[in-house]
Amino acid sequence: MTHDAAFYFANLGADVARCANAAKQNDDVRYDDSLSRAYRTLDALREASRPEAYEEGLLMLRGLAIARSTPEALAFFQSSLNSIIGAFLTRLT
């Protein structure tokens, strides 16, 4: 396990959580800013040489895009996000 992968994955989770919060508040400027940050973090995660973490990060971002379709889906995504991140971080350590 590289400490970098866990660090970047946790930060990606925080970036995605900020995106979800911005989407919930219909704040497109904050959403776009957080999404840009999430993709920069995802790039750093890819360079951490943990392809499974990178793939999970991609899935997290795809899930966010789908969750934006309805308020109910977004609420479910937000409630599940922390447990998903926590479970995967356990596998990285």
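Everything numeric in this text was worked out from a predicted model, so none of it was measured.

1. Quick look at the packing of helix H2 (residues 28-46) against helix H3 (residues 51-67)
Step number 1: At their nearest, the axes of H2 and H3 sit 9 Å apart, and the two run at 165 degrees to each other. What the angle tells us is that H2 and H3 run roughly antiparallel. Of the two elements, H2 crosses H3, and the hand of that crossing is left-handed. Residues Tyr31, Leu35, Ala38, Tyr39, Leu42, Leu45 and Arg46 of H2 pack against Ala53, Tyr54, Gly57, Leu58, Leu61 and Leu64 of H3.
Step number 2: Among the residues forming the contact of H2 with H3, the class breakdown is eleven nonpolar, one polar and one charged.

2. Re the confidence of the model for the protein
Step number 1: Considering every residue of the protein, the mean pLDDT works out to 90; 96% of them sit at 70 or more.
Step number 2: Predicted confidence in the protein is weakest over helix H4 (residues 71-92), with a mean pLDDT of 85, and strongest over H2, with 96.

3. Quick notes on the packing of H3 against H4
Step number 1: Orientation of H3 relative to H4, taken along the N-to-C sense of each, is 175 degrees, at an axis distance of 10 Å. In this view, H3 runs roughly antiparallel relative to H4, as classed from their interaxial angle. Here H3 contributes Glu52, Ala53, Glu56, Met60, Gly63, Leu64 and Ala67 to the contact with H4, which in turn contributes Ala73, Leu74, Phe77, Leu81, Ile85, Phe88 and Leu92.
Step number 2: In the contact of H3 with H4, the residues fall into eleven nonpolar, one polar and two charged.

Conventions and cut-offs
- Residues numbered from 1 in each chain as written.
- Predicted model: local features only at pLDDT ≥ 70, side-chain atom pairs only at ≥ 80, totals over all residues.
- Heavy atoms only, no water.
- Axes fitted to C-alpha atoms, helices over the stretch in contact; angles between N-to-C directions.
- Helix = DSSP H or I, 4+ residues; strand = E, 2+ residues; numbered from the N terminus.
- Parallel < 35°, antiparallel > 145°, perpendicular 65-115°, else oblique.
- Left-handed = near helix turned anticlockwise from the far one by under 90°.
- Contact = heavy atoms within 4.5 Å.
- Nonpolar A, V, L, I, M, F, W, Y, C, P; charged D, E, K, R; others polar.
- pLDDT = per-residue confidence, 0-100.

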